[in-house]
Amino acid sequence: MIVVIDGLNRHRYTELLDEMFALRARVFGKRLGWEVDVRDGREIDKYDALDPAYVIGVNDENRVVSCVRALQTTGPHMLSDVFSAILDGEPPLRSATIWESTRFCVDTEALERGTSRNSMSYATSELMIASLEYARDSGISDIVTVIDPVMNRVLKRSDCAPYDYIGKTTPMGKVSAMAALLDCTDERIDRIRRFAGIDGDVFVDATREEALSDNGGAAIDAPCRKDATFAQSKREESIQAMLQDYCYDQIADAATPEELAAARRLNHSLLEIGLLKGNDALFKIN
């Protein structure tokens with residue numbers, strides 16, 4: 001199952017994030033040999049300080065078995081900075097409706113082979129589904145992701161092949177890396193679900209979300225579940241306010257007609273799916 005951690009709830013999941021950073025160190029630092037900064041067995045970089053969203057998979061014992069990071073492309077991101085060689089002279093993507101997905105990995109030591117719920121294949125597909133659904137529901141149209149040839153083959157086998165690539169394949173440590181584009185459409189999500197045989201909601205419910213937090217969900221009874229529901233409602237209100245401010249900032253800071261059009265499309269998309277309850281961002285700027 002999947003839990004999403006972002007700037008709004010990060011303070012409640014320090015232990016889960018610590019476990020995720022340890023998984024990243026084992027995968028990218030040790031197994032793949034990427035040139036990453038590993039300290040005290042944790043792989044953390046400067047982009048983790050920019051309040052990204054983390055989509056994290058946990059098994060039945062609540063152990064982290066998969067993760068991926070999502071970051072806006074309107075500010076600093078890895079493809080524009082760390083992996084700029086991949087672009088081969090092309091300008092980096094900058095769009096309010098495109099997110100960068102990086103640090104996608106699964107725990108090959110904890111997961112089995114095959115297609116069971118505890119398999120690498122299932123965990124990989126579940127993480128893909130959750131990442132795309134979370135992005136889609138946040139008004140994001142496309143994801144750009146830096147992957148290696150192995151992950152590229154995994155995407156193709158999972159019926160989630162990129163629709164395009166940017167720049168060129170470039171050596172990075174023990175492997176090569178490339179930048180791929182994925183659309184966050186229902187069609188793509190449905191293809192992955194059919195491939196993996198995954199039905200229903202892939203995200204944890206409010207009770208398990210609380211159990212995964214730092215307090216461990218101690219004594220979760222009916223009153224606590226009511227509190228969790230209230231907290232979820234308040235989080236949704238906070239997200240709406242944050243998205244409204246973000247849309248306003250994007251429109252206010254647009255430097256070209258194209259950027260202004262992209263910002264207004266994002267505002268319109270968020271209104272359509274109900275993540276915004278008003279259209280103030282459209283009219284605060286003449």
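Residues numbered from 1 in each chain as written. Predicted model: local features only at pLDDT ≥ 70, side-chain atom pairs only at ≥ 80, totals over all residues. Heavy atoms only, no water.

J.: Kindly report on unusual backbone geometry, identifying the contributing residues and their values.
T.: Positive phi, normally seen in glycine, also occurs at D88, with a value near 55 degrees. Tracing the backbone shows D88 in the loop between α2 (84-87) and β6 (98-106). Its identity is not glycine, yet D159 carries a phi of approximately 60 degrees, on the positive side. (Helix = DSSP H or I, 4+ residues; strand = E, 2+ residues; numbered from the N terminus.)

J.: Describe in detail the packing of aromatic side chains, supporting the description with residues and values.
T.: Here the structure, examined in full by the defined rule, presents two aromatic pairs. Consider the rings of W99 and Y134, whose centres lie 5.7 Å apart with planes at 45 degrees: the pair is tilted. Of the two residues, W99 sits in strand β6 while Y134 sits in helix α3 (residues 120-137), which places them 35 residues apart along the sequence. By relative accessible area, Y134 is classed as buried at 18%. (Phe/Tyr/Trp six-rings, centres within 6.5 Å; stacked < 30°, edge-to-face > 60°. Buried < 20%, exposed > 50% of the residue type's maximum accessible area, 1.4 Å probe, protein only.)

J.: Can you lay out the confidence of the model for the protein chain for me, pointing to particular residues and giving the numbers?
T.: In the predicted model, the protein chain carries a mean pLDDT of 85, and 86% of its residues have values of at least 70. Within the model, pLDDT remains below 50 along residues 219-225, and this stretch shows six contacts once partners closer than five positions in the same chain are excluded. (pLDDT = per-residue confidence, 0-100. Contact = heavy atoms within 4.5 Å.)

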